[in-house]
Structure formats: C-alpha cells, structure tokens
Amino acid sequence: MYLQQAEDLMSLKENEEKMVELCLLIIQCVEDSFHYEVAKSTDPMKYTIRMATQMLQHDVGSLVREGLDVEKLYCMAQTRFGLTVVAEVLHKLLVKKSIKHSQQTRKLLETAGRLCDECCSRQPKLFLIKHLCRCFGVETYQKICKTTDATIVRWMSVPELQKNEIVECSDRFIVCGDQYKELREKLTQAALGQNMDIFSEAIQAVQLPDYQKRTLVLLAVMREITMSYLYPENKRRVTPYAKAQLQQFFYQHPLFSNQTDLLAALCRNDVWRRNPKLTVQEGMDLGHQSTVCLLNHFFIILLEIPEERTLVEPLNRLVQQPGDMQNSFLPTMPQDDVDEIKEALLAARKGGDENSVFYRCPNGHPYVIGNFGQPATFGRCKDCGLEIGGQSYQLRAGNIVDQRLDQTATGHVLGQAEGRQPDASPERGLSPTECAIVRLFTHMAMYLGASINQQAIQSLIKPDLDADNVLPFLWAHIEKDLLTIQRAVGRSVDDVYIIIHSICRDMMRKHRGGQMNQDICVLANKAARKKWEEEFSKTYLSPLLQEMTRDLKTMNKKLANDQRLGSDPLLCLLFEINVPSERSSPSSLHNVAAVWRYRSQITMDHLLHTVKVQAPTHKVLLMFLQEEKQLRAIRLVPSIMKLQQLLIQRFQRKLDREEALTLTIEDMIKEYENEGRLDEMRSLVNDFILAWQCVRDKLLTYTFPNLEGITKIPKEFCQKPITDAHPVSVLLPTFRDNGLCAYGLLYYLLKKQNNFLQEYCKMKRLKYTELPKVQLRDVTPAHLISYHPDMDILPMVMANCHYTFQVGKGTKIDYNFGDLERQLMDRFLFSKSVIEMPVYEFEMMTYRSETTNAVVFRDLRQKIKQEPLTPVVANQILEETRAYPDLCETLDKLEITISFLKSVKGDPNMCLEKFMTQTLKMENPFPSQKARSSCQCKHAQSLWITLAMEKTRRQASHKQDAFEGVVTELREELNAAQRDMITSLCEEISLDRLDLLLQILFECIMLTITVPKGTDDDNVDMAKLPLRDTLLGYISAPQYDIDLNYPKWTDDLIERIQKKGAGFTPILNNQAVDAWMFLYALFTVKQSERRY
C-alpha cells in the first residue's frame, strides 16, 4: 500500500529517478535484515552459504519482469545479498584458498552462474564483479578470470572489461594533484617526441618549492619510465635513445644537481640492485606493483624532505642511517608499563617528594610508601583487598619491595608476521587504525633500510633472524599491515593504497623546519616514542582519516578518469562514474545501474572509525569500540574455567611435565571420545583458542602476579596462535613455563573486565568501590561483560542505523550514537561485577613428579622454619575436628595456605589463622578452637601431617584410596614373608609404640620418600632404598628445624625390621605405602582386642 501511494505521488516522468532512489532505500533495508539474520547464527559461514543459495534459486522471471511491487524489491534485495556472499566465497576459494570446494560451495556457484546466464539484465553480473573488486581488489577479479575452472570464467566474463588486460596498477601518485599529472604527461610527450623543451617548460611552470617540484618529477619518472619495464623491450613506449636523452637533460638541469644518480637509476630500473623484489619486472602482479610503487613514493619523500630533525626523522633514519637506531624504541611496539604505573602512583600522592619506595602486595600489585619507604600503618590493596604496609617499620608478611626493572625491549619485537592477528588494536595514545598505519610506515622504513644496510636492520629484530630472512620477514609484515588497515577502515585494499599514498603526499606538503629534539629523532626512550607517535598521528593521520570517505570518492573518480589508462572500463564500473544512457524507469528497476551500487557493509572496525570521526564526545561508546577486540573474549571466561577444571580433575597429580609436553591437545580431545564428551571438549578448547587469538598480542608485554611476585608469558607463545598441535600443557594453568598461557589468559581477561569497569565509572562519575563484587569461584556469565560481536553488537548497531530518503538527494544513513551508547551500557555494563581474584583463588595444575607433598614442604622449610605441635595440642585439634567434611575442608584450606607460604617469606611466629583470614581472606579456616589459638606459621607442616594422617586412617578404615596423589611406583605390595615379619614384630610391641611407628612411617613417606628423583642434590632414587635405613635416617634427622627427641627405644624398634636373611627380601621404600596400610590393619585389630 505504501509503495502504491508513493508511485501515485511520483507518477510524473520527472519523478522517476526519485522513485528509483526510494526503491533503493527499501532494497538496502531488506538486504541489511538478511545480514542481521546471518549474524544470529551459531555457524555464520555455513548458514550464509545455504541462505544465499536459496535466495539465488528464485525464479529469474520475478527479478527481470516489468512492473514494480514489494515482491520484486524483495527479490532484488535477495539477489544483492546472495551475490555479495558469492564474491566472498570466490575470494576465499580461489585466491586466499582458505576454504575448499564442497557440495555447498559448488551449489552456490552453480546457482549464481545460472542466474547471471539466464538473467536478461547484465547488472547483477556487474554488481558481483564490482563487489569483488571493491572488497578484495582488482587483482582478485583478474586472478579469478584466469582460473582453470572454465564454468566460473564463462559466467563471470564481461568482454568489454577484459579485452585489454590490466598490466599496470593504477597510478596512485595522482593523489599528489594536477601538477603531478601535468608533469607526468609532459614527460611522456617529451620522451616520445624526444623534445625535452616541453618537459623543461612544464617543470618551470610548477609553482612549488624546489624539493616538492623535484619530488613530483621523480614520481613521474618512476611511473612513466621505471614502470615501463613491466613490458617486453619491444613493447616499451620509451626507446633507449629517449632514455639517454632524458638522463642527459637531468644532468644539465640545475634542479637535479644532487639527484642525477637517482634519476639515472630510475631510468635504468636499478635503484634497488640489492633487492630484486623492489625491481620492476615483467609479469609482476598488480598487488606487488602497488606495494613497490608505495615503497618508492615513501622513499622519494624521505629523500627529498630538507633539513634534519623533522617529524619524519625517525623513519628517515631507519631508511638512511639505521645504525643510529640500534637502541631505539620503535613505533607501535608493545611495552612494559611499570614506569608509567609508578608515575601514576606518585602523581596520585600528595607531597610526591617524600622519597617514596615501591612495594608489591602478596598478589604482586604495586603500591607506594612515603617517609623513605618505612611502613608505619596497615592498608588494603586497591586491586585485590589484601593487607599492605606494615607497623613499626616492619613490612607485613607477604609484601615485598618492588625491585623489578622495566623490561621494555628496544628494536622490533613483534615476531613473525604470520603470528600476528589481522585485527587492529590500540597502542598507547594511538587508535587501532592509527596504530596499524604507523606500524606500516615503520615496517616500510625498515624494509627500505634493509635494502640499503641489511646488517643494521637485522640487528634491530628480536628474536634474531638469519640475514637471508630479513627482507622476506619485513615484506610479510608489510602485507599483514595492509590487511590490518583494510579491516580497520572497512575499505578495499585498493583504497588502502590511496590512503597511504595520501599520507606520503601530506608528509611533503606539511613539512616544516626541523624542531624535534634529539631523543625524539632517535626514539631514545619510551617517552620520546610516545611523543613522536602522538605528533605524527595528529599531523598526518587524524585530519586525513576524518575526511577519508570524501577524499577516497574524489581520488577514485580521478583514477577512473585518468586518461593515462584510457578511461579503463573496469575502473569506471568499480567507482560508478559511468552515466547510464537508458532512462531510469522504476518499472525496469533490474536494469537501473543505480540500484546495483556498491556500498560498504557495517563492521565493528567501520563503526569505530565512524564514531571517532563523527561522535568523539560519546566517550563510553568510543572506549568500548577501541577495547572491543579484547572485551569480546571475556564471554569465553566460563568456558576457559570449565576447561581448566575438567583437565585438572583428569590430570592432577597423574601427569608429569614431560608427559604434558608430549601429549598434544588433539590427542587429549580424542581421549574424551570414548566418554561421549568429544563435542563438549572440542567446543571448550575452541573457545580457549579463540580467546587466546583475541588477546595474545596484548599478552606479549602483560605482567601478572604469581606466588613469588610478577611474571610474563614467554614471547614465543604470544607470537603464535595456539592449535591442536600444541602440547596440552598450555591449557593446564601453572605459575611457570607453558602453563602460564592458561593462567595468564584467564587473569588478563578478568583483569580487563575490572579495568574497563573502573574506566567506565570514571567517565560516568560512578563509584567503582560500590559496584557489586563476586569471588572468582562464583563467576557466571551474568557477572561478565559478555556479548557476541556478530550476534549481539551488530544487531544493536543496525537497530540504531537510520535510513532517510530525501527527494533529489537519495538515501542517507545516520547512526543514533546516543541511543546506541545507552543500550550498550544498559545491556553489557549495567550491574556487572568487579571480580575479586587473589592469586590463590586460581585453580592450578599439580604435576605428579614435581609437586609432591615432600617437595612442597621442602620449599616451605626453606622460607619458614617448621616446628612440630605437641602431642597434647595435636590430639585436641583432632578431637575438635571430628566431622569428616570439616577435616577435608580444613586440609584443603591449609594446602592453599602452605602453597602461599612456601613462596613468600613470612613471620614464623605469626598466628596461622590470622594469616589465613586477613592475608588470604579465608572465612572460618579452622573449626578447631585449639588450632585457631595455638597454631602459628611454623606449625603449618606439623598441622598438615596431623590432619592428613587422620584423614588417611579414616580412608583406610573404609577401604578407600588412603594415599591419593602418591605415585604408583611407591605402591608395590609386600610379599608373604615380609607380611609375616611385620606381623611378628607387631605382636611383640605395645599399642602405643605401634601408633608412634605408624606416625613416623607416615611422616617419612610424606616428607622424604616421595621426593622425586632428580629434585635433590644427590639425585637419589628413593624408591630403591631399604625402608629400614630410610626410617633410621629420618628419626636421626627429621624434617623439622628442632630436635624431636624420639624415645631411645625407637631406634631399637626400627632396627628390628628385618633387612636380610635366607629367602628374605628386604622391604624397600617403593613398598612403604603397603607397609603402612598393613601396619594400620594390624593396629586396628590390636586396638579392638585391647578394648575387649
């Protein structure tokens, strides 16, 4: 009805074009609804292909029939959507080769081919080609046309677009303006006519400073002479004689007195003799040409800008004097922010000149104490709430002086390009797009510098590279940078080249005299780097990015009309500057070129750029979009925690580190197949891998606490994606080695939420301390900033994207940034919780051979001297901990406390219960009043032995595994003779003495025998030693720091354990567990006999 009323209002012929524009508005709205529907799918690519195939299978007659109704508009929207999917599939299938042919892709391409063949209009086919080129570059279309798949070539063929294959890339030097274009044309005329006066007069007519004029001439020579080497010699327009004349002209002209060698080299195509990849050659593809032209433009600009200490000086030195940059902090490289944290802490204090000293809380968070760093009062860490400071100039247990130095590395530290993500991310004050562009210029400068002085550039790259790999390494980074910028601005790679050429142009146009200080010129420190990045972005990047859409439209139109390429029909099609001769009739809408216009799809990167340009005052929205690449991974935290819990349950104390290094993730997943949990485990692992991919570039320099201070994930892990081929150890959280990947990833994501909420509160003037809090173990998706970028954010964006139709002006798209920001805060930020995440709350993997109780207590004794509880106190504690659940819970809490105490040097006389409640924030650690009042940190080992032995007794009484965690190698069974010997011994001694023997044997097992081979100085295999000798050694040197004064009869009792005899095999330590179990069985029998 609405469409019919609009037709009635616009029935006059002069209104037909306006009616077409209204129809286009409707088509675009419907098309966006399809993208919205796809975004909600759990498998977007598979669903998109199926949906596009169905849409392209409609009756062709309904698309091309005359007349206008809603059904036809809907059909045209389906066709547009389907063909955009076809373009993406063709690119991935035939160019990137990231997907393989399948029944689904074949059906899609066959359906698209049938539509293009049977459709009476050629507009759908042209729309497909246009979308292919605008999204993925002209070279993509040319590669597809050369494919061996004849069916695809046939239905995509447009004769007038392919009659003259494009051999040369577009002349993007044209961004330098009409004066460049005039010089280029006059150069060609002079060379062809061999009359240099024409060229001389053109140079004279350019009203620019000499260095700018010389730059334009060099670019023209590069374009017209050097690029002619793309053709065989017999097809080059400029003859060798004309080149010689041209060189003679440059030698004689005063403008080029200092650049004659470069001009001559450009004419001979040997500027880059040491680097063939920069030398123009026959058969060079368009993408390679485009990069070569860009590098030469950049090189010429740096060469011609006069004076030193200009804003481009750091880049210039990387090219021409890389030896000066050996200790430089290169642009966009990640850094350690420890100095900035300290400066912020000092700035937040009143009277910052009081000789402050930095400390770290037990969780590794920094804080500062004035008054020469003498701790006089207690406080709470603002990050984790643990007690900090001290009293009477004595530092609180667990707190340490911060001695960590800034670990920011100089040089290039990004690693291999294939390990980098293609998504742009912010760095310091640079936005994601700005960071990607500055990084490209850095890599281009290094590449040019390596082509001149490879050794100097090689020494800048960390980790070290072989000399032969330096240039390929940097070229790969340049290609990755171009892709990253493309995704960040939401434009084609051809548009990205125009943007970077335009920045090169502005470097020349905006040149001012040298004013930069020496530190900035060589990027001598982090502050100098940050200052340079800010100035470079403010001067060259921000102004251009704000006007990017308008400027690209202008430049693309100039390129398409550039007569040098003979108004190439493909470029005219791509940039839609052709004017259709036929009348734009709404009844023949399928033939109207305007309806088949290309338009950019809405993406997160495109939205970020739009917000930064159009709505920078919406600070929460802008901050969210800048952090979005990392925030999106927070929704995966529950999966990561569940994965770690399942793996820890499966492998805890059952796997050695060496085994964890050889067992791959793929093999681990297969183990779950027999349990019917293959899909669940695959899903959890995929979520971990996805989260890692989202944030691994940030983890490169991220520091986080462990029990001994702070640590970082090794660079070699952060520089690569995690795959199924990695060892399972990267999924098992530990405080060192591979396990740092699992622990560091989870810690980073949780901390990212807390930090983001803190910044959000500052912007909205809310109190961060009043936000709801949740313990790590209780975290659920409801507590998290949890969203899916395609299923949650993009639909929200589209709901706030408004199409307006103005007669004579066409369709206009506006965003309601205010509503979008409010909805984002309401849905994803409102009532989200601050996660309390002390280090001890994180579940950690315990490996079998390295973290036995014996090793743990050995480390504890090295930090805090240990003493035994008196028998009276120990028995009273057991009396007050009679309930088995209380016993197990107390042991669990005590083990966490011991793992903490063994890593920090504490006060031996400090009340253990106070340490657990105040430092570790544990609630009701002991049900026993006696334990609360009598146990100090020096009693931790003895208390554990007391409780663990009681638990073992009860488990043994109920036929349970009484020594869980003790390796099977120490569980060998006694033989009959050995059992008879022990039985005879027990019959001869009292119950009390047997009880003490059980206690000594239990302590010896837990504190001595279970020490793994290779973890002590003697490298002794305890399992093979006689148990009798080990027990005698233990009572003579028990694992405490005071003498236990065992009764004299103890030695005699142990010596009665038979060591040798006819037909008798001595009991070894590997039988200790079975010996204890057999002794305890005899004890219980003897105990019951005494009762009766």
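Computed from a predicted model, the values in this text were never measured in an experiment. (Residues numbered from 1 in each chain as written. Predicted model: local features only at pLDDT ≥ 70, side-chain atom pairs only at ≥ 80, totals over all residues. Heavy atoms only, no water.)

Undergrad: Just to check I follow, could you spell out the overall build of the chain for this structure?
TA: Helix and strand content of the chain: 47 helices and twelve strands. In the chain, buried positions account for 57% of the 1092 residues. Accessible area for the chain stands at about 47,800 Å²; split by element, carbon and sulfur atoms hold 48% of it. (Helix = DSSP H or I, 4+ residues; strand = E, 2+ residues; numbered from the N terminus. Buried < 20%, exposed > 50% of the residue type's maximum accessible area, 1.4 Å probe, protein only. Areas by Shrake-Rupley, 256 points an atom, 1.4 Å probe, with all protein chains shown as cover.)

Undergrad: Even after reading the chapter, I still don't get the sheet that holds strand 6 (residues 400–401), so can you show me in this structure?
TA: In any sheet, the strands associate via hydrogen bonds between backbone groups, in a parallel or an antiparallel arrangement. Here we have three strands laid out as an open sheet, ordered 2-1-6, and antiparallel in their pairing. The sheet is open, and its two borders are formed by strand 2 (366–369) and strand 6, each paired with just one other strand. Relative to strand 6, strand 1 (residues 357–360) runs antiparallel, the two being bridged by two bridges. When the bridges of strand 6 are listed, Arg360 appears paired with Ile400. (Pairing = 2+ DSSP bridges.)

Undergrad: It is not clear to me how the side chain of Thr664 should be interpreted in this structure. Could you clarify?
TA: With respect to the helices and strands, the residue Thr664 is situated in the loop between helix 30 (657–662) and helix 31 (665–671). A distance of 3.1 Å separates the side chain of Thr664 from the side chain of Asp667, its partner in a polar contact. (Polar contact = N/O pair within 3.5 Å; in protein donor to acceptor, adjacent residues only side chain to side chain.)

Undergrad: What am I meant to see in unusual backbone geometry here?
TA: The bulk of non-glycine residues show a negative phi, and the bulk of peptide bonds are trans. Residue Pro463 is reached from Lys462 by a cis peptide bond, and omega for that bond is -5°. Here Pro463 is to be found in the loop between helix 20 (454–458) and helix 21 (470–489). The phi torsion at Thr332 lies on the positive side, around 65°, for a residue other than glycine. Relative to the helices and strands, Thr332 is located in the loop between helix 17 (313–320) and helix 18 (338–347). For Thr332, a relative accessible area of 0% puts it in the buried group. Phi at Arg765 is positive, roughly 55°, even though this residue is not glycine. Assignment of secondary structure puts Arg765 in the loop between helix 34 (740–764) and strand 9 (773–775).

Undergrad: It is not clear to me how the side chain of Asn1070 should be interpreted in this structure. Could you clarify?
TA: Of note, Asn1070 is situated in the loop between helix 46 (1049–1055) and helix 47 (1072–1091). Classification of Asn1070 by relative accessible area gives buried; the value is 11%. Setting aside residues up to four positions removed in sequence, Asn1070 forms contacts with Glu969, Leu970, Arg971, Glu972, Ala1023 and Lys1024. (Contact = heavy atoms within 4.5 Å.)

Undergrad: Please clarify how the packing of helix 5 (residues 70–95) against helix 7 (residues 123–136) should be interpreted in this entry.
TA: Helix-helix packing is described using two parameters, namely the angle between the two axes and the distance between the axes. Contact pair helix 5 / helix 7: the axes reach a minimum separation of 9 Å and the direction vectors enclose 50°. In this view, helix 5 runs oblique relative to helix 7, as classed from their interaxial angle. Along this stretch, helix 5 crosses helix 7, giving a crossing that reads as right-handed. Facing helix 5, whose interface residues are Arg80, Leu83, Thr84, Val86, Ala87, Glu88, Leu90 and His91, helix 7 presents Pro124, Phe127, Leu128, His131, Leu132 and Phe136. Counted by class, the contact of helix 5 with helix 7 contains nine nonpolar, three polar and two charged residues. (Axes fitted to C-alpha atoms, helices over the stretch in contact; angles between N-to-C directions. Parallel < 35°, antiparallel > 145°, perpendicular 65-115°, else oblique. Left-handed = near helix turned anticlockwise from the far one by under 90°. Nonpolar A, V, L, I, M, F, W, Y, C, P; charged D, E, K, R; others polar.)

Undergrad: Would you mind going over the packing of helix 19 (residues 432–452) against helix 21 with me for this structure?
TA: Direction vectors running N to C along helix 19 and helix 21 enclose 160°, while the axes themselves pass 9 Å from each other. Judged on the interaxial angle alone, helix 21 and helix 19 are roughly antiparallel. Between helix 19 and helix 21 the crossing geometry is left-handed. Each of Thr433, Ala436, Ile437, Arg439, Leu440, His443, Met444, Met446, Tyr447, Ala450 and Ser451 in helix 19 lies in contact with helix 21, whose residues at this interface are Val470, Leu471, Leu474, Trp475, His477, Ile478, Asp481, Leu482, Thr484, Ile485, Ala488 and Val489.

Undergrad: Can you walk me through the environment of Arg172 in this structure?
TA: For Arg172, the location among the structural elements is in the loop between helix 10 (159–162) and helix 11 (178–193). For Arg172, a relative accessible area of 7% gives the class buried. On a C-alpha basis, the gap between Arg172 and Asp494 in space is 9.4 Å, while along the polypeptide they are 322 residues apart. Once residues lying within four places of it in the same chain are set aside, the contact partners of Arg172 are Ser290, Asp494, Tyr497, Ile498, His501 and Leu559.

Undergrad: Which parts of the structure should I look at to understand the sheet that holds strand 5 (residues 394–395)?
TA: Pairing is antiparallel in the open sheet, where three strands are placed in the order 3-4-5. Among the strands making up the open sheet, the edge pair consists of strand 3 (378–380) and strand 5. Examined bridge by bridge, strand 3 and strand 4 (residues 387–391) share three bridges and lie antiparallel to one another. Residue pairing across strands places Phe378 opposite Gly389, the latter belonging to strand 4.

Undergrad: For this particular structure, what's the right way to read the packing of aromatic side chains?
TA: Two descriptors summarise a pair of aromatic rings, namely the distance from one centre to the other and the angle between the planes of the rings. Within the structure shown, the criterion is met by 32 aromatic pairs. Between Trp272 and Phe299, the aromatic rings sit 4.8 Å apart at their centres with planes inclined by 65°, giving edge-to-face as the arrangement. Highlighted residues: Trp272 in the loop between helix 15 (260–268) and helix 16 (286–304) and Phe299 in helix 16, separated in sequence by 27 residues. A single burial state applies to Trp272 and to Phe299, both of which are buried. Their ring planes at 10° and their centres at 5.3 Å tell us that Trp1076 and Tyr1080 sit as a pair that is stacked. Of this pair, Trp1076 and Tyr1080 are both found in helix 47, four residues apart, which corresponds to roughly one turn of the helix. (Phe/Tyr/Trp six-rings, centres within 6.5 Å; stacked < 30°, edge-to-face > 60°.)

Undergrad: Just checking my understanding: could you explain the confidence of the model for the chain for this structure?
TA: Caution applies to low-pLDDT regions: their predicted coordinates should not be interpreted in detail. The pLDDT averaged across the chain works out to 83; a share of 88% of its residues lies at or above 70. Within the model, the stretch residues 578–582 combines pLDDT values under 50 with two contacts to residues more than four positions away or in other chains. (pLDDT = per-residue confidence, 0-100.)

Undergrad: How should I be thinking about the pattern of salt bridges in this particular structure?
TA: Pairs may arise between side chains of opposite charge once their charged atoms sit close together. The tally for this structure, following the rule as stated, stands at 43 salt bridges. Linking Asp481 and Arg420 is a salt bridge whose minimum nitrogen-to-oxygen distance equals 2.7 Å. Separated by 61 residues along the polypeptide, Asp481 in helix 21 and Arg420 in the loop between strand 6 and helix 19 bring together distant segments of the chain. You can call Asp481 buried: its relative accessible area is 1%. Residue classification places Arg420 among the buried positions, given a relative accessible area of 10%. Here Asp495 and Arg491 are joined by a salt bridge, their closest N and O atoms 3.3 Å apart. (Salt bridge = Lys/Arg side-chain N within 4 Å of Asp/Glu carboxyl O.)

Undergrad: Would you explain the nonpolar core in this entry?
TA: Here is a general trend for soluble globular proteins: nonpolar side chains tend to be buried in one another's company. With 173 residues, the main nonpolar core has Phe199, Phe298, Phe441, Ile500 and Ile503 as its most contacted residues. When residues of this core are assigned to their parent elements, the largest contribution, 13 residues, is made by helix 5. Core analysis: the second largest hydrophobic core is formed by 92 residues, Ile634, Leu745, Tyr747 and Met796 among them. (Core = buried A, V, L, I, M, F, W, Y, C linked by side-chain atoms within 4.5 Å.)

Undergrad: Honestly, the state of the cysteines in this entry has me stumped. Any pointers?
TA: Chemically, a disulfide is nothing more than a covalent bond linking the sulfur atoms of two cysteines. Inspection of the entire model under this criterion finds zero disulfides. Between Cys911, a free cysteine, and Cys937, which holds the nearest cysteine sulfur, the sulfur-to-sulfur gap is 8.0 Å. When its relative accessible area of 25% is taken as the criterion, Cys911 is described as partly exposed. (Disulfide = S-S within 2.5 Å.)

Undergrad: I'm lost on the pairing of strand 4 in this one. Help?
TA: It is a general feature of regular strands that their side chains alternate between the two faces of the sheet. In terms of residue burial, strand 4 counts as a mostly covered element, since four of its five residues are buried. When strand 4 meets strand 5, the two strands line up antiparallel, connected through two bridges. The residue of strand 5 that forms the bridge with Gly390 is Leu395. Counting the residues in the hairpin turn of strand 4 and strand 5 gives two residues, including Ser392, whose phi is positive at 55°.

Undergrad: Honestly, the pairing of strand 2 in this entry has me stumped. Any pointers?
TA: Of the two faces of strand 2, both are covered, the one formed by Pro366 and Val368 as well as the one formed by Tyr367 and Ile369. When strand 1 meets strand 2, the two strands line up antiparallel, connected through four bridges. Across the sheet, Phe358 pairs through a bridge with Val368, a residue of strand 2.

Undergrad: Quick question: what am I supposed to make of helix 21 here?
TA: Every α-helical turn comprises 3.6 residues, leaving residues that sit three or four positions apart pointing alike. Taking 1.5 Å as the rise per residue, helix 21 with 20 residues should run 28 Å; its terminal C-alpha atoms sit 29 Å apart, in good agreement. Within helix 21, 15 of the 20 residues are buried, leaving the element largely enclosed by the surrounding structure. After helix 21 finishes, the residue Gly490 shows a positive phi value of roughly 65°. (Expected span 1.5 Å × (residues − 1).)

Undergrad: How should I be thinking about the environment of Leu646 in this particular structure?
TA: Structurally, Leu646 is set in helix 29 (residues 637–651). For Leu646, a relative accessible area of 13% gives the class buried. Sequence separation between Leu646 and Met681 is 35 residues, and the spatial gap between their C-alpha atoms is 9.1 Å. For Leu646, the residues in contact, after removing those within four places along its chain, are Tyr672, Arg677, Glu680, Met681 and Leu684.

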